[in-house]
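Residue strings, one per chain:
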Amino acid sequence: MPKPYSLDLRERVVAACEAGDLTRAQVARQFRIGTTTVYNYLKRRGREPGLAALPHSGGLASGLDRTVLRE
């Protein structure tokens, strides 16, 4: 899994969008991130207290049997 973008980058992306000079697609190209990422940052800004990366939320449980692996 790739590392999350830095908080500094997230804040610069949101600031560039709020400045209003560029479209969200142009901001995404400028910072070399996906357009959906820009939209997600803007959506999170309105709902949550900060733009810091969220902790990993889990994933699929392993289908391997630990007792079989030990043998």
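On a predicted model such as this, the values are computed, not experimentally measured, just so you know.

## Brief notes about the side chain of Arg10
Phase 1: Locating Arg10 in the fold gives a position in helix H1 (residues 7-19).
Phase 2: Note on Arg10: relative accessible area 7%, which makes it buried.

## Examining the nonpolar core
Taken as a class, soluble globular proteins show a tendency for nonpolar side chains to be buried jointly.
Phase 1: Residues Val13, Val27, Phe31, Ile33, Val38 and Tyr41 are the most contacted members of the largest nonpolar core, which totals 13 residues.
Phase 2: Contributing elements (two or more residues each) for this core: H1, helix H2 (24-31) and helix H3 (35-47).

## Focus: the environment of Ala25
Phase 1: With respect to the helices and strands, Ala25 occurs in helix H2.
Phase 2: Relative accessible area serves as the criterion here: at 30%, Ala25 is assigned to the partly exposed category.
Phase 3: The sequence separation of Ala25 and Lys43 amounts to 18 residues, and the corresponding C-alpha distance is 15 Å.

## So, the packing of H1 against H3
Packed helices, taken two at a time, are described by their axes: the angle between them and the distance between them.
Phase 1: At a minimum axis separation of 10 Å, H1 and H3 run at an interaxial angle of 85 degrees. Overall, the two elements H1 and H3 adopt an arrangement that is roughly perpendicular. Residues Arg10, Val13, Val14, Cys17 and Glu18 of H1 form the contact with H3, whose participating residues are Val38, Tyr41, Leu42, Arg44 and Arg45.
Phase 2: Each residue belonging to the contact of H1 with H3 can be placed in one class, and the counts come to 6 nonpolar, no polar and 4 charged.

## Quick notes on the pattern of salt bridges
Phase 1: Under the definition given, this model contains 2 salt bridges.
Phase 2: Salt-bridge contacts for Arg12 lead to Asp8; the nearest nitrogen and oxygen are separated by 3.2 Å. One end of the pair, Arg12, and the other, Asp8, are both in helix H1, 4 residues apart, so they sit about a helical turn from each other.
Phase 3: When its relative accessible area of 41% is taken as the criterion, Arg12 is described as partly exposed.

What counts as what
- Residues numbered from 1 in each chain as written.
- Predicted model: local features only at pLDDT ≥ 70, side-chain atom pairs only at ≥ 80, totals over all residues.
- Heavy atoms only, no water.
- Helix = DSSP H or I, 4+ residues; strand = E, 2+ residues; numbered from the N terminus.
- Buried < 20%, exposed > 50% of the residue type's maximum accessible area, 1.4 Å probe, protein only.
- Core = buried A, V, L, I, M, F, W, Y, C linked by side-chain atoms within 4.5 Å.
- Axes fitted to C-alpha atoms, helices over the stretch in contact; angles between N-to-C directions.
- Parallel < 35°, antiparallel > 145°, perpendicular 65-115°, else oblique.
- Contact = heavy atoms within 4.5 Å.
- Nonpolar A, V, L, I, M, F, W, Y, C, P; charged D, E, K, R; others polar.
- Salt bridge = Lys/Arg side-chain N within 4 Å of Asp/Glu carboxyl O.

Geometric descriptors of this kind do not, in isolation, establish any biological role.
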